[in-house]
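In case you want the letters, here they are:
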Amino acid sequence: MTTSPASERSARAGFDPRRAHHWIAFGLGSGLAPRAPGTFGTLAAIPLYLLFAGLSWPFYLGVLVLATGIGIWACGRTARELGLHDPSAIVWDEFVGFWLTMAVAPAGWGWILAGFLLFRLFDIWKPWPVRLADRHVEGGLGIMLDDLIAGAMAALVLVVGAAWLG
């Protein structure tokens, strides 16, 4: 869902550095970018992905589950405090959506770039079922769910691409 430019400025102005859940929801501050905060949030997720990329599959999955649970809480609480449905300044969902995209990606910067571009495409374009989740699921779960679906769709494209490239 889109919000007005005034609401978006209000969301950035509502960032309270004394609140841990704001730091999480605003993607460690990357969501405060005045333009394209979702893109900046996804870019900010890359260094953390590089830390997680070497984990075994069960630990990587554990990070995803934990980050999703924390995101549902932090994003939902922050959005309620800001009085907005899903302000673009809240970008933790981009972090986790990108990490989900990369869960099945082969190693290498080319795949990171492909994952970044595919995730941003599905997150911005919002094809069904991403749009369905964005419009009909409320609160922190709604904020997180559309990006998780976009991340899963991007991951599927990466898997097919990797198999096709051999």
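Numbers given to residues run from 1 along each chain, matching the order in which its sequence is written. Per-residue local features are limited, in this predicted model, to residues with pLDDT of at least 70; the limit for side-chain atom pairs, both in listing and counting, is 80 or more; totals at the level of whole chains, interfaces and linings are taken over all residues. Side-chain measures were taken over the full set of non-hydrogen atoms in the model, leaving aside hydrogen atoms and water.

1. Some thoughts on the overall build of the protein chain
Line of reasoning, step 1. Runs of E in the DSSP output that reach at least two residues are strands. Runs of H or I that reach at least four are helices, and both are numbered from the N terminus. Scanning the protein chain from terminus to terminus reveals eight helices and zero strands.
Line of reasoning, step 2. Secondary structure elements of the protein chain occur, N-terminal to C-terminal, as α-α-α-α-α-α-α-α.
Line of reasoning, step 3. Expressed along its principal axes, the backbone C-alpha trace of the protein chain runs to roughly 50 × 30 × 25 Å.
Line of reasoning, step 4. For the area figures, the Shrake-Rupley method with a 1.4 Å probe applies, and any residue is considered shielded solely by the protein chains shown. A total accessible area of about 8300 Å² is found for the protein chain, and carbon and sulfur atoms account for 71% of it.

2. Quick look at the layout of surface pockets
Line of reasoning, step 1. Considering only enclosed or pocket space, the second largest pocket measures out at about 160 Å³ in volume.
Line of reasoning, step 2. For each structure, a 1 Å grid was placed over the protein atoms alone; sets of points admitting a 1.4 Å probe that cannot get out are labelled cavities, open sets with protein on both sides within 12 Å along at least five of seven lines are labelled pockets, and lining residues have an atom within 4 Å of a point. In terms of lining residues, the second largest pocket is bounded by 15 residues, among which Tyr 49, Ala 53, Tyr 60, Met 102 and Ala 105 are the most central.
Line of reasoning, step 3. Counting residues per element, the ones that place at least two in the lining of the second largest pocket are helix H3 (37–52), helix H4 (57–82) and helix H6 (109–125).
Line of reasoning, step 4. Counted by class, the lining of the second largest pocket contains 13 nonpolar, two polar and no charged residues. Grid points are joined across faces, edges and corners, and a volume is the space filled by probe spheres set on the points. Polar here means any residue outside two lists: the nonpolar Ala, Val, Leu, Ile, Met, Phe, Trp, Tyr, Cys and Pro, and the charged Asp, Glu, Lys and Arg; Gly therefore counts as polar.

3. Examining the packing of aromatic side chains
Line of reasoning, step 1. Any two of the Phe, Tyr and Trp rings considered here, Trp counted by its six-membered ring, make a pair once their centres fall within 6.5 Å; the pair's planes then place it as stacked at under 30 degrees, edge-to-face at over 60, or tilted in between. Taken as a whole and assessed by the stated rule, the structure comprises 10 aromatic pairs.
Line of reasoning, step 2. Ring centres of Trp 57 and Tyr 60 lie 6.5 Å apart, and the angle between their planes is 10°; this geometry places the pair in the stacked category. Here Trp 57 pairs with Tyr 60, and both are found in helix H4, just three residues apart, close to one helical turn.
Line of reasoning, step 3. A simple rule labels every residue: compare its accessible area, found with a 1.4 Å probe on the protein chains alone, to the largest value its type can have, and call it buried under 20%, exposed over 50%, or partly exposed in between. A relative accessible area of 5% places Tyr 60 in the buried class.

4. Examining the UniProt feature "domain: YutG/PgpA" (unreviewed entry) in the protein chain
Line of reasoning, step 1. UniProt positions are given in the numbering used here, feature names are shortened, and annotations may be inferred rather than shown by experiment. Using the residue numbers shown here, the UniProt feature "domain: YutG/PgpA" (unreviewed entry) corresponds to residues 23–160.
Line of reasoning, step 2. Helix and strand shares over residues 23–160 are 74% and 0% respectively, and the end C-alpha atoms of the span are 35 Å apart.

5. Considerations on the UniProt feature "transmembrane region" (unreviewed entry) in the protein chain
Line of reasoning, step 1. In the numbering used here, UniProt assigns the feature "transmembrane region" (unreviewed entry) to residues 57–75, 96–119 and 139–165.
Line of reasoning, step 2. Secondary structure across residues 57–75 divides into 100% helix and 0% strand, with the first and last C-alpha atoms of the span separated by 26 Å.
Line of reasoning, step 3. As annotated, residues 139–165 has a helix share of 100% and a strand share of 0%, and its two end C-alpha atoms lie 40 Å apart.

6. Side note on a nonpolar patch on the surface
Line of reasoning, step 1. For patch building, the residue pool is restricted to those with more than 30% relative accessible area and no salt bridge; the joining distance is 9 Å between like charges and 5 Å between nonpolar side chains (Val, Leu, Ile, Met, Phe, Trp, Tyr). Salt bridge, as used here: a side-chain nitrogen of Lys or Arg that lies within 4 Å of a carboxyl oxygen of Asp or Glu. On the surface, Trp 57, Leu 61, Val 65, Val 104 and Val 159 cluster together to form a nonpolar patch covering roughly 450 Å² of accessible area.
Line of reasoning, step 2. As for its placement among the helices and strands, Leu 61 is situated in helix H4.

7. Some remarks on the side chain of Asp 93
Line of reasoning, step 1. Within the secondary structure layout, Asp 93 lies in helix H5 (residues 92–102).
Line of reasoning, step 2. Just so you know, the count uses Lys and Arg for positive and Asp and Glu for negative, and it drops His and the chain ends. With no salt bridge to any partner, buried Asp 93 finds its closest opposite charge in Lys 126, at an N-O distance of 6.9 Å.
Line of reasoning, step 3. When sequence neighbours within four positions are dropped, the list of residues in contact with Asp 93 reads Asp 86, Phe 119, Ile 143, Met 144 and Asp 147. Residues are treated as being in contact if the distance between any of their heavy atoms lies within 4.5 Å.

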